[in-house]
Amino acid sequence: IVNDNQMSIAENHGGLYKNLQLLRETNGKAEVNLFKAMGLEYVYVGDGNDVATLIDAFQKVKDTDKPVVVHINTLKGKGLKYAEENKEKWHFGGPFYVETGEPKFKSTAEDYGDLTGKYLLEKMQSNPELVAITSGTPTVFGFTQPRRVQAGKQFVDVGIAEETAVAMASGIAKRGGKPVWGVYSTFIQRTYDQLSQDLCINDNPALMLVFWGGIESMNDVTHTCFYDITLLANIPNLIYLAPTCREEYFAMLRWAIRQEAKPIAIRVPSNGVVHTTEDVDEEYSYTPKYKVAHEGSQVAIIAAGSFYQKGENVAHLLAEKGIDATLINPRYLHAVDAEALESLKARHQLVVTLEDGCKDGGFGERIASYYGTSDMKVLVCGVKKDLYDRFDHQQLLADNRLLANQIADDILNIIKK
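Structure report, in brief.

What about the overall build of the protein?
A count of helical and extended segments in the protein gives 15 helices and 14 strands. Radius of gyration (C-alpha) of the protein: 24 Å, near the 22 Å computed for a compact globule of 417 residues. Seen through its C-alpha atoms, the protein measures out along the principal axes to roughly 75 × 45 × 45 Å. Going through the 417 residues of the protein one by one, you find that 49% of them count as buried.

Below you can see the structure in the form of structure tokens.
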């Protein structure tokens, strides 16, 4: 089934797009037909927004014994004039007023996507080697239509082809360019092969910005966003960073663009834009170096990325019970800081890891594996591996004992034994 909704954010005018356009214009009767050329049966549905027409087409092909392509021509947003006229804006949205199309809920809060697009566009003015790449989702890192126009050739949309985005980024980096690929966490699995073989085997210094990685992002089964740590952190040569706030994110972003030795991925915080008044490092390493935010004893909380603030809350709850817990910002997701973990053995009996994602094969299990047969106990906190669909975010957190009070209770129960 080819759903041809005439919504080309990518403005991709390649061979397939042109052939689909020709088939639309001829009501499926054009002699040049890519699908027939491949030996496939072909059915064209001109009014793909009409349910009765669709049912009729599906009934005709339902019991066929041959491969069939059903080409469905739809109009995105049909019936809502403002949606028909602005397909990009209406590709995805929340509740809105039908009369006007205005959103029911507006936010004036800072947004990492917008901040990133603004920053990269500014840097492009002085750095012609900097190239922003998207795979059909330009606004994920703030490249609205006006910004795309300003960026010109320094912005590339490959269409919904994450594989091509990674291969292109690798090639640009190999030739000395500075590619930055912005992508939603959920779409990373589409290009695992290219990440492993095109990018990381060649050790090319491309930058990947992973947005919406976390439990409180999209919530349907094909768009869950909490498997990127397990996917990316286990690819050799890839450095995966997890900033905890705006200042740390932009420090990592500046370093990642500046460095020339390794492919870098940054897990952009998904819990809103948080600021800090603390100093953040401007230089980072290819060897993990954890940052101790507070040094205590008995319990050490290692809270990664967008779960760092949850770690602060847990530490506060423990302090109310008389436990002065150590709090650590690990910053690196792909490997452990062995020196930091060894140093905890002297004054701690429990290490708690917090990650905003799947715990099976993730960041915390790597730390648990490090401690292995030592006397150190490890509590790994994350989401249990499963297929989740249309879930309530808060309920999922509660079911996996990821609310701050639940984590604190679990810690107290362990150290009392």
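Back to the text.
Structural notes on the nonpolar core
Judged by nonpolar contacts, the single largest core of 76 residues is most densely connected at Leu232 and Ile266. In contact with Ile266, not counting residues within four places along its chain, are Leu207, Met208, Leu209, Val210, Tyr240, Leu241, Pro243, Tyr249, Met252, Leu253 and Ala256.

What to know about the layout of surface pockets
Computed from the structure, the second largest pocket encloses a volume of approximately 320 Å³. If you trace the second largest pocket, you find 16 residues lining it, with Thr244, Thr276, Glu278, Ala293 and Tyr308 closest to the centre. Of all the secondary-structure elements, those providing two or more residues to the lining of the second largest pocket are strand S10 (291-294) and helix H11 (308-320). Across the lining of the second largest pocket, the residue classes break down as six nonpolar, five polar and five charged.

Quick look at the sheet that holds strand S6 (residues 178-184)
Pairing in this open sheet of six strands is parallel, and the strands run S5-S4-S6-S7-S9-S8 from one edge to the other. Each end of this open sheet is capped by a strand with a single partner; those strands are strand S5 (155-157) and strand S8 (239-241). With direction set aside, neighbouring strand axes in the sheet form an average angle of 20 degrees. Where S6 meets strand S7 (residues 207-211), five bridges bridge the pair, whose relative direction is parallel. Each bridged residue has a counterpart across the sheet, and for Val180 the counterpart in S7 is Leu207. Lying over the sheet, helix H5 (residues 112-124) contacts strand S4 (130-134), S6 and S7, oriented at roughly 145 degrees with respect to S4.

Topic: the pattern of salt bridges
Close approach of charged atoms allows side chains with opposite charge to pair. For the coordinates displayed, the defined rule picks out 19 salt bridges. The partner of Lys106 in a salt bridge is Glu102, and the shortest N-O contact between them spans 3.3 Å. Looking at Lys106, the relative accessible area reads 64%, which means it is exposed. Its relative accessible area of 36% is what places Glu102 among the partly exposed residues. Residue Arg331 pairs with Asp281 through a salt bridge whose shortest N-O separation is 2.7 Å. Here the residue Arg331 occupies a position in the loop between strand S12 (326-329) and helix H12 (338-343), and Asp281 occupies one in the loop between strand S9 (264-267) and S10, the gap between them amounting to 50 residues. By relative accessible area, which is 32% here, Asp281 ends up partly exposed.

Brief notes about the sheet that holds strand S2 (residues 41-45)
One open sheet holds the three strands; their spatial order is S1-S3-S2, and the pairing between them is parallel. Here the strands that pair on one side only, and so sit at the sheet edges, are strand S1 (2-4) and S2. Shown here is a sheet whose adjacent strand axes are inclined to one another by a mean of 15 degrees, direction ignored. Across three bridges, S1 lies against strand S3 (residues 68-73) in parallel orientation. Within the sheet, the bridge partner assigned to Asp4 lies in S3 and is Asn73. Along the sheet face, helix H3 (residues 51-61) touches S2 and S3 and points at about 175 degrees away from the line of S3.

About the thresholds
Residues numbered from 1 in each chain as written. Predicted model: local features only at pLDDT ≥ 70, side-chain atom pairs only at ≥ 80, totals over all residues. Heavy atoms only, no water. Helix = DSSP H or I, 4+ residues; strand = E, 2+ residues; numbered from the N terminus. Rg over C-alpha atoms; globule rule 2.2 N^0.38 Å. Buried < 20%, exposed > 50% of the residue type's maximum accessible area, 1.4 Å probe, protein only. Core = buried A, V, L, I, M, F, W, Y, C linked by side-chain atoms within 4.5 Å. Contact = heavy atoms within 4.5 Å. 1 Å grid on protein atoms, 1.4 Å probe; cavity = no way out; pocket = protein on both sides within 12 Å on 5 of 7 lines; lining within 4 Å. Points joined across faces, edges and corners; volume = space filled by probe spheres on them. Nonpolar A, V, L, I, M, F, W, Y, C, P; charged D, E, K, R; others polar. Pairing = 2+ DSSP bridges. Axes fitted to C-alpha atoms, helices over the stretch in contact; angles between N-to-C directions. Salt bridge = Lys/Arg side-chain N within 4 Å of Asp/Glu carboxyl O.

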